[in-house]
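One letter stands for each residue in the lines below.
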Amino acid sequence: MSETTQAPLTTEEIVVNLGPQHPSTHGVMHFVVTIDGETIRECVPHIGYLHSSLEKIAETLRYEQFITNTDRFDYLNGLGNELCYVQAVERLLGIEPPPRTVFIRTLMAELKRISSHLVYLGCYGNDIGAMTVFLHAFREREPLMDMFEAVTGGRLLYNYLRIGGLRNDLPTGFTDQLHRFLDYLPRRLEEMNDLLTSNRIFIARTRGIGILTARQALSFGVTGPTLRGCGVPYDLRKLRPYAAYDQVEFDVPSFPEGDCLARHLVRMEEMNQSMRIIRQLMEKMPEGEIQADVPRRIKPEAGEVYERVESPRGELGCYLLSDGGAKPYRMHWRGPSFYNLQALPVMVRGGLLADFIATLGSLDPIAPDIDR
Amino acid sequence: MASTLVKTILDVIHNWAEGLAQQWGIPHLFVSIAAWIAAFVFVIVLVLLMVLLAVYLERKVSGAIQSRLGPMRVGPIGLFQTPMDALKILTKEDIVPRDADKILHTAGPVIFFVTAVIGYVVIPWDRAAIAAQVVDLNIGVLFVIAVSSIGVLGIMAGGWGSNNKYALLGAMRAVAQMVSYEVALLLAIVCVVMQTGSLSLAGITADQGGSLLQWNLLRWWMWPALLLYIIASIGESKRIPFDIPEAESELVAGYHTEYSGMKFGFFFLGEYAHLFIIAVTGAILFLGGWHSPLPATMADPIPGFIWLMGKALAVILIMMWIRWTLPRLRVDQLMNFAWKGLVPLGFVAIAVTGLAIGLGLAGGGG
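What you are looking at is a predicted structure, and each value in this text was computed from that prediction instead of being measured.

Caption draft 1: Region of the structure containing the packing of aromatic side chains. Under the counting rule described, the total for this entry stands at 21 aromatic pairs over all chains. Their ring planes at 35° and their centres at 4.7 Å tell us that Phe134 of chain A and Phe138 of chain A sit as a pair that is tilted. Within this pair, Phe134 of chain A and its partner Phe138 of chain A are both found in helix α5 (residues 131-152), separated by four residues, close to a single helical turn. Residue classification places Phe134 of chain A among the partly exposed residues on the basis of a relative accessible area of 26%. Taking the relative accessible area as the measure of exposure, Phe138 of chain A reaches 27% and is therefore partly exposed. With centroids separated by 5.0 Å and ring planes inclined at 75°, the aromatic side chains of Tyr259 of chain B and Phe267 of chain B adopt a geometry described as edge-to-face. With a relative accessible area of 7%, Tyr259 of chain B lands in the buried category. Residue classification places Phe267 of chain B among the buried positions, given a relative accessible area of 0%. Through a chain of ring-to-ring contacts, the aromatic side chains of Phe66, Phe73, Tyr85 and Trp333 of chain A assemble into a single cluster.

Caption draft 2: Structural context of the environment of Trp290 of chain B. All names here are of chain B. Mapped onto the elements, Trp290 comes out in the loop between α10 (261-286) and α11 (304-323). A relative accessible area of 14% means that Trp290 is categorised as buried. In sequence terms Trp290 and Ala225 are 65 residues apart; their C-alpha atoms lie 20 Å from each other.

Caption draft 3: Region of the structure containing the interface of chain A and chain B. The partner chain B presents 26 residues to the 35 residues of chain A that form the contact. Here chain A and chain B share an interface that buries about 2500 Å² over both sides, 61% of which is from carbon and sulfur atoms. For the chain A face of the interface with chain B, the top three residues by lost area are Glu38, Met131 and Ile201 of chain A, together amounting to 21%. Seen at the junction of chain A and chain B, the total is two salt bridges.

Criteria and thresholds
- Residues numbered from 1 in each chain as written.
- Chains lettered and ligands numbered in written order.
- Predicted model: local features only at pLDDT ≥ 70, side-chain atom pairs only at ≥ 80, totals over all residues.
- Heavy atoms only, no water.
- Phe/Tyr/Trp six-rings, centres within 6.5 Å; stacked < 30°, edge-to-face > 60°.
- Helix = DSSP H or I, 4+ residues; strand = E, 2+ residues; numbered from the N terminus.
- Buried < 20%, exposed > 50% of the residue type's maximum accessible area, 1.4 Å probe, protein only.
- Contact = heavy atoms within 4.5 Å.
- Buried area = accessible area lost by both parts, 1.4 Å probe.
- Salt bridge = Lys/Arg side-chain N within 4 Å of Asp/Glu carboxyl O.

Below, the structure is given as structure tokens:
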């Protein structure tokens, strides 16, 4: 026998870089994950890959010029971002948009919410391994894209809202298009629920995974479906109604479990509520002008304003500071994905690598909404 | 007809070689070796054709399920897409990571592909049992499972030799999974062996001859084994819902993350070759092999070769249907399912089969 001394077998933790190029990161994100076998010990999100200085650029653009840039961050909620920005400027100027404009803006924001949640649904299915859901969800989104194209001329980047108004009214035939879609989507959502939500494997992969307590969520500043999935029915559309949300009835779905399944169910139900809102808006849609009287040179008086709306991902805030000039002195955005992402390390610690993917997907982060 | 297709091809080659040998005075031994090589080439060609067909089907079936067309551009209804892709992959650069273990990195795909292909030599393709089978081993079914489980070594070599964390994780998952699901697969096969009394694939096929009612599919005491075989074979071929070794959203491409060119091609082809042999074996074990479902009294214009292929394709279609419908299990759920779900089911299946044999319903080992 040889006299070799054998070191005892040891295991060591390894560091895996998920991203910046990785199939599961929604956009350019980077997570440094320390794993012990398959168990996650630590997760550090690295952000900044999509930083594009939009807030600084805003200081060089006149108020009305920046609208087109708001489409660029959180690209799944372009019209919602425009709504937030335009409302902020209008409050700064003290302008009241005409009622028809307010209704159309609300309608567009809700259509955008459905579209964004459909993208979430598809991507989440893909994250969990159900690849067919991805294509089906994108197929259901296609009529929505057609509608946006008919109304605004663009499919992703719209530049549709104006300060005190809209670029154009709804086109002829839009009502039929919308009603066809509203008749079509509920059946499809039911099909999706049959295919994915009620699937035993899906439930096994999401129930009790990535748990965030309500207290943790509030301390991280988490908002949107992620917060409502923790049992906190916090929705700006209800609590501080803006646009036309005070004239429609809807429920705020909320589930107390705080896991991936709860967040998923919140989004599925929100699509139904959005359809309910859209039906009421179409019924009550007033006739009339779409443009308020706005000074030719937009020069708000010195002052500041913070406007917030409920984006599909949570509370989207726009802070504007005016020094009385034609350009904002300072602009800041509160992107919901940034705050939601901060809670990720708490949610995934101790879980398996596969749970990390499920949890990240359930936060529905948008990379340029984190950095911009 | 096709029943003698294999025989004809082999005979032609054999006669031609023997003629040459006599002319040139070459010893008979070389002729035998040449015949064996010809047989091997035949198997490879057959496997590659099957693989191309399976890949094409996969694309078309997934397209149909996902409401899109699948490949349509190259050739009529995209039939040449897969051969073109295979050609393309041959021209790709073969990249070996700088710090990879070069020997293991090369050995991985070779082991994986070869072990996936070797199993085909014992498949009885048609009724002329000797000629339509390259070799009739008396432990044929064991041989198929044994060689395909050696493929795990190829995966481990590739995953370890790549010096990549995703590849390593994927390889570890693959080994754990394949070893676990093989146990369940073997338990299902034990039931069939108890029923038919033979380990030879030709023998198992012969036991199911005569009429449709003789198929193991229609013997109710075989149903637990059938269910077990379907589930375990999906797990064994690493497809959704059991595709954790290459879970795309988690591990990029799992154990073949660091492969390109034909080395990747070998993994890819090997996977489908493996899939096809599992399907063919399933068709032999439960669907009567090359036997026609028509009553024996009726003239059967379709050769047994085609029947077996059709049955294997039916099995593959079921596996594809499942793949494109279900989400993916997590690694611990997968192992729990294998050891706490499938293995007990295997014992139940064996008990049921044994009971049926005891009651005189079943063949009881011939």
